[in-house]
Amino acid sequence: MARCSNNLVGILNIVTLLLSIPIIGGGIWLSRQANTECERFLEKPVIALGVFVLLVSLAGAGEKISGKGYKEYRFGDYSNWLQKRVDKNWNRIHSCLVDSKICNSLIQKSNTKADDFFKEHLSALQSGCCKPSNDCNFEYVSPTNWTRTLSSSLPNPDCSKWSNEPNVLCYGCQSCKAGLLDNLKSDWKRVAVLNIIFLVFLIIVYSIGCCAFRNNREDNSWKRYP
């Protein structure tokens, strides 16, 4: 099931990537072939939309963990461009995430049993910032309280950054950065869909407008030169 889910996400990203190519190509073609100001008006929005969709397709996908209702996120799965942008502004983003108290809902569920918590469908930010990575093999106490044991291994650098302190948790982890990017990716995809719908609407409206303008100009030329 997990493999199927990951494969589906991969296919969707490939489709999005392939979709961006003709959009960018169409924008470049329009810029070269445009004969009217109406067509040139569409040139930049088409190219911008194509680049936008391309960036969305390059964003990584969450990893489904067997027996867990939530996914885990790896910062290294995302494009270098996105990683650099996040790292550059992380101090401000980190403070904002702590102030937003995105983990409060989990802190308040201190009596949640382990089996119930592992079935939770956490958001990307909650999974990345409010709990330790599954790699750490920590012992569960509560959603935001985990204990290191003798069997705990630390293959992931995030494991040493985890703290049970409510204002620390995993806000400084790479997984938190990845959760942020996945959250942004979801927002971008929704915006991309709206942009595509809006672009199609613009094309229809301006095509009709250009045709009406061209016909009107031809009618006027016929009247001027009987």
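Residues numbered from 1 in each chain as written. Predicted model: local features only at pLDDT ≥ 70, side-chain atom pairs only at ≥ 80, totals over all residues. Heavy atoms only, no water.

If you check an unreviewed UniProt entry, the protein appears there as Tetraspanin-8 from Anisodus tanguticus. Under Subcellular location (unreviewed entry), UniProt gives the following word-for-word description of the protein: "Membrane". (UniProt positions renumbered as here; feature names shortened; annotations may be inferred.)

Caption draft 1: Broad picture of the state of the cysteines. In this structure the tally under the stated criterion is four disulfides. What pairs with C103 in a disulfide is C130, and their sulfur atoms sit 1.9 Å apart. The sign of the -85 degrees torsion about the S-S bond sets the C103-C130 disulfide as left-handed. Of this pair, C103 sits in the loop between helix 4 (90–100) and helix 5 (104–107) while C130 sits in the loop between helix 7 (124–129) and strand 3 (139–142), and the two are 27 residues apart along the sequence. (Disulfide = S-S within 2.5 Å. Helix = DSSP H or I, 4+ residues; strand = E, 2+ residues; numbered from the N terminus.)

Caption draft 2: Focus on the pattern of salt bridges. Under the definition given, this model contains six salt bridges. E72 is paired through a salt bridge with R74; the nearest N and O atoms lie 3.9 Å apart. On the accessibility criterion, R74 (22% relative accessible area) is partly exposed. Several salt bridges share partner residues, and in doing so they unite E63, E72, R74, K131 and D135 into one network. (Salt bridge = Lys/Arg side-chain N within 4 Å of Asp/Glu carboxyl O. Buried < 20%, exposed > 50% of the residue type's maximum accessible area, 1.4 Å probe, protein only.)

Caption draft 3: Broad picture of helix 4. Every buried residue of helix 4 is listed here: W90, L97 and V98. Down the axis of helix 4, the smallest arc covering the buried residues is 100 degrees, so these residues share one side. Facing away from the buried side of helix 4, by more than 90 degrees, are the exposed residues R92 and D99. Positioned one or two residues after helix 4, K101 has a phi angle of 55 degrees, which is positive. (Arc of directions from axis to C-beta.)

Caption draft 4: Summary view of unusual backbone geometry. The residue K101 is not glycine, and still its phi comes out positive at about 55 degrees. Looking at the element boundaries, K101 is found in the loop between helix 4 and helix 5. Backbone geometry at L169 places phi at a positive 40 degrees, although glycine is not the residue there. Counting through the fold element by element, L169 comes out in the loop between helix 8 (158–161) and helix 9 (174–224).

Caption draft 5: Representation of the side chain of N156 in the model. Secondary-structure assignment places N156 in the loop between strand 4 (145–147) and helix 8. We classify N156 as buried; its relative accessible area is 12%. Only 3.4 Å separates the side chain of N156 from the side chain of D135, close enough to count as a polar contact. Reaching out from N156, the side chain makes a polar contact with the backbone nitrogen of D158 at a distance of 2.9 Å. (Polar contact = N/O pair within 3.5 Å; in protein donor to acceptor, adjacent residues only side chain to side chain.)

Caption draft 6: Region of the structure containing the nonpolar core. Judged by nonpolar contacts, the single largest core of 31 residues is most densely connected at L97, F117, C129 and Y171. Listed by contribution, the elements that provide at least two residues to this core are helix 3 (80–88), helix 4, helix 7 and helix 9. The element that contributes the greatest number of residues to this core is helix 9, accounting for four residues. Other than its neighbours up to four places away in sequence, L97 contacts W90, I102, L125, C129, Y171 and C176. (Core = buried A, V, L, I, M, F, W, Y, C linked by side-chain atoms within 4.5 Å. Contact = heavy atoms within 4.5 Å.)

Caption draft 7: View of the packing of aromatic side chains. Applying the stated criterion across every chain, the model contains seven aromatic pairs. Relative to W146, the ring of F118 lies with its centre 6.3 Å away and its plane at 45 degrees, an arrangement referred to as tilted. Placement of F118 in helix 6 (residues 114–118) and of W146 in strand 4 is noted, with a sequence separation of 28 residues between them. On the basis of relative accessible area, W146 is assigned to the buried category, the value being 8%. An aromatic cluster is defined as three or more aromatic residues linked by ring pairs; in this entry it consists of Y70, F117, F118, Y140 and W146. Across the ring face of F118, the terminal group of K68 is positioned such that the distance to the ring centre comes to 4.7 Å. (Phe/Tyr/Trp six-rings, centres within 6.5 Å; stacked < 30°, edge-to-face > 60°. Lys NZ or Arg CZ within 6 Å of the ring centre and 35° of its normal.)

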